[in-house]
Amino acid sequence: MYVGEIKGRVDFGIITIREDEFEAVLARFDKVGVVEARRRYRIRRLPLDGGDAYTIAVVRCAEQGTSDALNTARDILEDLDPAFLLVVGIAGGVPAYEFTLGDAIVCTRVADFSVEAVLNDHSREYALSGGPLHPVAAKLAADVRAMVRDDELADWNAPTSIGMDRPPVMMEEGCFYGDDAWKKDVRDKLEHHFGGKAARSPLVVTGPVASSDRLIKEAETLQVWLKIARQIQAVEMESAGVYRAAHGRVPFLAIRGISDVVGFKRHQNWTTYACHSAAAFTRAFLLTRPIAPRANPPFQCVGPVKVDESHRHPAPARRLQKPETHVAIPCKYVGGDPRFDVQGTGRVTVEPDGITVQLHDQTLYWSTDSIFSVTYERQRLGMERAEYEENAPINPGEWLIRHAAFLGVTDAEDVLPNGFQVCISFHNEYFAKLFVKRCHEIGRCASRSISPRIYAASSLPEMPPYRDASGFLSAVGVVQVVLTHNRDEEKLVADPMLIYENRFQKTWLVIAKSKIACVLDDLTKPAPYDPLKWQESVEDALPVRLERYERASGFIHFGSRHRRWLYSYHLHHDPSALKSRLEALLKRTG
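Undergrad: Describe in detail the packing of helix 3 (residues 66–80) against helix 9 (residues 239–246), supporting the description with residues and values.
TA: Orientation of helix 3 relative to helix 9, taken along the N-to-C sense of each, is 35°, at an axis distance of 7 Å. Seen along the crossing, helix 3 lies across helix 9 with a hand that is right-handed. Contacts from Thr66, Ala69, Leu70, Ala73, Arg74 and Leu77 in helix 3 reach Ala240, Gly241, Val242, Arg244, Ala245 and Ala246 in helix 9.

Undergrad: Before we move on, could you go through the sheet that holds strand 25 (residues 553–558) and cite the residues and values that matter?
TA: Across the sheet, which stays open at both edges, the three strands sit in the order 24-25-26 with antiparallel pairing between neighbours. Each having just a single partner strand, strand 24 (544–548) and strand 26 (562–568) make up the two edges of the open sheet. Across the sheet, the mean angle separating the axes of adjacent strands is 30° when strand polarity is ignored. Pairing geometry for strand 25 and strand 26, over five bridges, is antiparallel. When the sheet's bridge partners are listed, Phe558 is paired in strand 26 with His562.

Undergrad: Break down the pattern of salt bridges for me, citing the residues and quoting the values.
TA: The final tally for this structure, using the stated rule, is 23 salt bridges. Arg39 is the partner of Asp75 in a salt bridge, and the nearest nitrogen-oxygen pair spans 2.8 Å. Of this pair, Asp75 sits in helix 3 while Arg39 is found in the loop between strand 2 (30–36) and strand 3 (40–47), placing the two residues 36 residues apart along the sequence. With respect to burial, Asp75 and Arg39 carry one shared label: buried. Close ionic contact of Glu236 with Arg256 constitutes a salt bridge, the shortest N to O distance being 2.8 Å. Taken together, the residues span a long stretch of sequence, with Glu236 in strand 11 (residues 234–236) and Arg256 in strand 12 (residues 252–261) at a distance of 20 residues. As far as burial versus exposure is concerned, Glu236 and Arg256 are alike and both buried. Members of the salt-bridge network, linked through shared partners, are Glu21, Glu236, Glu238 and Arg256.

Undergrad: Go over helix 13 (residues 475–483) with me, naming the residues and quoting the values.
TA: An α-helix turns once per 3.6 residues; consequently, residues spaced three or four apart project the same way. Within helix 13, eight of the nine residues are buried, which leaves the element mostly enclosed by the surrounding structure. Every buried residue belonging to helix 13 is among Val476, Gly477, Val478, Val479, Gln480, Val481, Val482 and Leu483, and all of these are buried.

Undergrad: So, the packing of helix 2 (residues 19–26) against helix 10 (residues 269–286): which residues are in play, and what are the values?
TA: A pair of packed helices is captured by two measures, namely the crossing angle of their axes and the spacing between those axes. Orientation of helix 2 relative to helix 10, taken along the N-to-C sense of each, is 40°, at an axis distance of 9 Å. Seen from above, helix 2 lies across helix 10 with right-handed handedness. Between helix 2 and helix 10, the contacting residues are Asp20, Glu21, Ala24 and Val25 on the first element and Thr271, Cys275, His276 and Ala279 on the second. In the contact of helix 2 with helix 10, the residues fall into four nonpolar, two polar and two charged.

Undergrad: Any details on the side chain of Thr66? Residues and values, ideally.
TA: Locating Thr66 in the fold gives a position in helix 3. Not counting the four nearest positions on each side in its chain, Thr66 is found in contact with Ser114, Ser211, Ser212, Asp213, Met237, Ala240, Gly241 and Arg244.

Undergrad: Requested: an account of the packing of aromatic side chains, with residues and values cited.
TA: This structure, assessed with the given rule, holds 15 aromatic pairs. Judged by centre distance (5.3 Å) and plane angle (35°), the ring pair of Phe426 and Phe435 falls under tilted. The residues Phe426 and Phe435 share a single accessibility class, namely buried. Here the aromatic rings of Tyr567 and Tyr569 are separated by 5.5 Å at their centres, their planes lie at 75°, and the arrangement is edge-to-face. Of the two residues examined, Tyr567 and Tyr569, each falls in the buried class. Grouping aromatic residues by their ring pairs yields a cluster made of Phe12, Tyr54 and Phe84.

Cut-offs and rules
Residues numbered from 1 in each chain as written. Predicted model: local features only at pLDDT ≥ 70, side-chain atom pairs only at ≥ 80, totals over all residues. Heavy atoms only, no water. Axes fitted to C-alpha atoms, helices over the stretch in contact; angles between N-to-C directions. Helix = DSSP H or I, 4+ residues; strand = E, 2+ residues; numbered from the N terminus. Left-handed = near helix turned anticlockwise from the far one by under 90°. Contact = heavy atoms within 4.5 Å. Pairing = 2+ DSSP bridges. Salt bridge = Lys/Arg side-chain N within 4 Å of Asp/Glu carboxyl O. Buried < 20%, exposed > 50% of the residue type's maximum accessible area, 1.4 Å probe, protein only. Nonpolar A, V, L, I, M, F, W, Y, C, P; charged D, E, K, R; others polar. Phe/Tyr/Trp six-rings, centres within 6.5 Å; stacked < 30°, edge-to-face > 60°.

Shape descriptors only; they carry no functional weight alone.
Here you go:
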């Protein structure tokens, strides 16, 4: 699998830290595959009632602490764009009568104690940060008790779900630490749960969690924290970092199994038990369908959502005939043409002489000669864009899926030298791609391609594949990217040159008679993404200088403006030969 296949389709990103946490989470979901980008993500699937399913990406931090958790969360958000983030693992519990070892806690607020000052008298002060959860996450955390009461979490805490029996608790004198008052408090609360009582199944509770880079193995620090934020119920080291990365972007919850109680040295088996307790609860929680699965998004069409009941009385099967080039398709004109201050639903008609959008009170028209590109894009709109552009109110954390076609149109008045881009959206992917296909057909009927002929290499086929099997732009696709930004017809002096590649990026150079362009194809970038990074006249791209950087790559500097562009040694073994070739091509063009 590659990033382009999965990005924007992941429902939950789950971040773990320890190996045993990672293994416990992976064991709860069906295996799908692996995606490599900034991190290595294990893709899992959770079937739901009604034939739906969640797509889940599981990743492990390389190190403990808020810094790597912050970076991991940022990476998964950039690479896969999940709808919701979860941190699943273990935590240390505050001594309490309400919960104890092996129980699960769902975070309702993050108390970030990462900023710490040590004073001259060795006392410590903290700048408390963090805060409340995203509204979507907060309402789910507040509803956990009702889920338990209404038996929606099934037998998440049964031994068969957790996969092991509850370990023993040996409350010997040497097992307690802290001052006398703290040790007595810890003993009293542990005896409340374990003293001469039959083993019970784990519970789930909700409450604030304290997070910092400090591993709490002594009672004094926790006692100080409780004076600052006395409501905290558990301590751990990662949620503060994930909270910072997710804040304002996606909902986030931390689900922690209590592996130890601060002030008590427990048996090591409690760590494994707590890992499985948190993972088992996570699976049961997801089975309650806390958010709508993206695989079957709640808004597949634009405008008001209509229930399609055609499956109740299916039409008889028929053989599809090859349609004519002329076709009228239901659509919505989103905007983009500066001559029309209008939006609305209607029908788009594709004919040999041009494209017409008929709205209820206005007709929009673009001639075939004025259209230089047509592309399809599957877009994911958040709450504000969905309401503004599609008049579709949705909740925070939910998304509107829009299937859109973009027309690149020249400006007859030449007020906009680069033209403008028109957006037309469709009820589903089929209609959008049918529209794009018909547009290319009318281009061929008119003995021209619906794309500019600026950089026309004679060796390129007329209708090439623009992407390869891995999702990267092909050489022809790279040319198409450049020509959509230019209107003057120019010949290439050479085929596009691939100068750098890794698992999720490729960098190309396109050299024409008077200019050079750089295209950075990045599979991790969300749509819409313009891979054309810069264009420069051939004179200003000189001189070309190369610089060694790492074992596998170096830098190319073009003139004074475009510096530090990576090139791969495995593609260009001889730096001097690469420099000579680039300079020869650039000087030949001038």
